[in-house]
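Spelled out from the first residue to the last, the chains are:
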Amino acid sequence: MTLPLFDDAPGAQPGHIEWLGEQACVLHGQALPHAAALIDAFDAVAAQAPFRHLVTPGGATMSVAMTNCGPLGWVSDRRGYRYSPEDPASGLPWPPMPAVFRRLAQQAAKEAGFGIFEPDACLVNRYTPGTRLSLHQDRDEQDYKHPIVSVSLGMPATFLFGGLTRAERPRRILLEHGDVVVWGGVDRLRFHGIAPLKDHPHPRLGSVRLNLTFRRAGA
Ligand code: MD3
Ligand code: FE
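Looking at an unreviewed UniProt entry, one finds the protein chain named DNA oxidative demethylase AlkB and attributed to Aquabacterium soli.

Encoded structure:
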């Protein structure tokens, strides 16, 4: 039997489904055919709701820059974490979720076995070299029965896939341009994060990684 030396070694083929848990998987390369359309649609979102570095309730500034599209957007400030229908920077609604975003998220949820997924929030994270996202759970949504879909674009990242307690040592999984991750059910509350990004410039996006995270945040 041959065991891989590194579980974050590249080499997963587009179309390959990598199961990380009972109800968590990576759809390798699933977004590749749509990457150009996703990035073009995203440019319009960022023009209306620019990236910003949010402050945590503890007062730390996050190294990830964020914006949102869709009916609800995830925000953080000294008062806490929550979903808001308005961009606090402008007081306006978040830009609409582009159809190409929604379709991809729905298709991915279906392929991963979650049935009909109607996201009402899309958080966009922007990473540059050195940016990290420390281990956390996603628990600001109303109902954990809905899955979450994430789409990676641009530079590769090492994603940390932990357990249901912070103490469990996370697995390291390479996420590349075009990879889609879907998780829900028993894996919905796993701790996860992103290791500090290395500089491997991407032909279209340069020294940037974008991550789109689709959620059903409201009822
Ligand atoms: C969670 N974003 O926005 S998504 C977040 O790449 C967030 O920007 C990360 O965590 C990012 O809240 C990671 C990918 C992901 C993959 C597998 C998971 C998150 C997961 C498995 C369980 C729980
Ligand atoms: Fe998260």
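**Student:** Could you clarify how one ought to interpret the site of ligand 1 in this entry?
**Tutor:** Taken together, 19 residues sit near ligand 1, with Y127, F159, H192, R209 and R215 positioned nearest. Contact distances for ligand 1 include 2.5 Å between an oxygen atom and a side-chain N or O atom of Y127. Separating an oxygen atom of ligand 1 from a side-chain N or O atom of R209 is a distance of 2.9 Å. Contact with the protein chains removes 98% of the 520 Å² of surface that ligand 1 exposes when unbound.

**Student:** What's the story with the layout of surface pockets in this structure? I'm lost.
**Tutor:** Summary: where empty space remains is shown by rolling a probe the size of a single water molecule over the atoms. When its volume is computed, the largest pocket comes out at roughly 720 Å³. Surrounding the largest pocket, 38 residues form its lining, L133, S134, H136, D138 and H192 being those nearest its centre. Elements that contribute at least two residues to the lining of the largest pocket include exactly β5 (80–84), β6 (121–127), β7 (133–136), β9 (157–161), β11 (180–183), β12 (192–194) and β13 (209–215). Class assignment of the residues belonging to the lining of the largest pocket gives a composition of 17 nonpolar, 11 polar and 10 charged.

**Student:** Would you explain the coordination of the iron ion (ligand 2) in this entry?
**Tutor:** Looking at the iron ion (ligand 2), the protein donor atoms are H136 (NE2), D138 (OD) and H192 (NE2), and they sit 2.0 to 2.2 Å from it. Sequence spacing among the residues donating to the iron ion (ligand 2) works out to H-x1-D-x53-H.

**Student:** Would you mind going over the pattern of salt bridges with me for this structure?
**Tutor:** Pairing is possible between side chains that carry opposite charge, provided their charged atoms lie close to one another. Per the stated rule, a full pass over the model turns up 12 salt bridges. Note that R216 is salt-bridged to D120, the shortest N-O span being 4.0 Å. Of this pair, R216 sits in the segment after β13 while D120 is found in the loop between α2 (99–111) and β6, placing the two residues 96 residues apart along the sequence. Given a relative accessible area of 8%, D120 falls into the buried group.

Analysis parameters
Residues numbered from 1 in each chain as written. Chains lettered and ligands numbered in written order. Predicted model: local features only at pLDDT ≥ 70, side-chain atom pairs only at ≥ 80, totals over all residues. Heavy atoms only, no water. Near = heavy atom within 4 Å. Polar contact = N/O pair within 3.5 Å; in protein donor to acceptor, adjacent residues only side chain to side chain. Areas by Shrake-Rupley, 256 points an atom, 1.4 Å probe, with all protein chains shown as cover. 1 Å grid on protein atoms, 1.4 Å probe; cavity = no way out; pocket = protein on both sides within 12 Å on 5 of 7 lines; lining within 4 Å. Points joined across faces, edges and corners; volume = space filled by probe spheres on them. Helix = DSSP H or I, 4+ residues; strand = E, 2+ residues; numbered from the N terminus. Nonpolar A, V, L, I, M, F, W, Y, C, P; charged D, E, K, R; others polar. Donors = N, O, S within 2.8 Å, 3.2 Å for Na, K, Ca; no water. Salt bridge = Lys/Arg side-chain N within 4 Å of Asp/Glu carboxyl O. Buried < 20%, exposed > 50% of the residue type's maximum accessible area, 1.4 Å probe, protein only.

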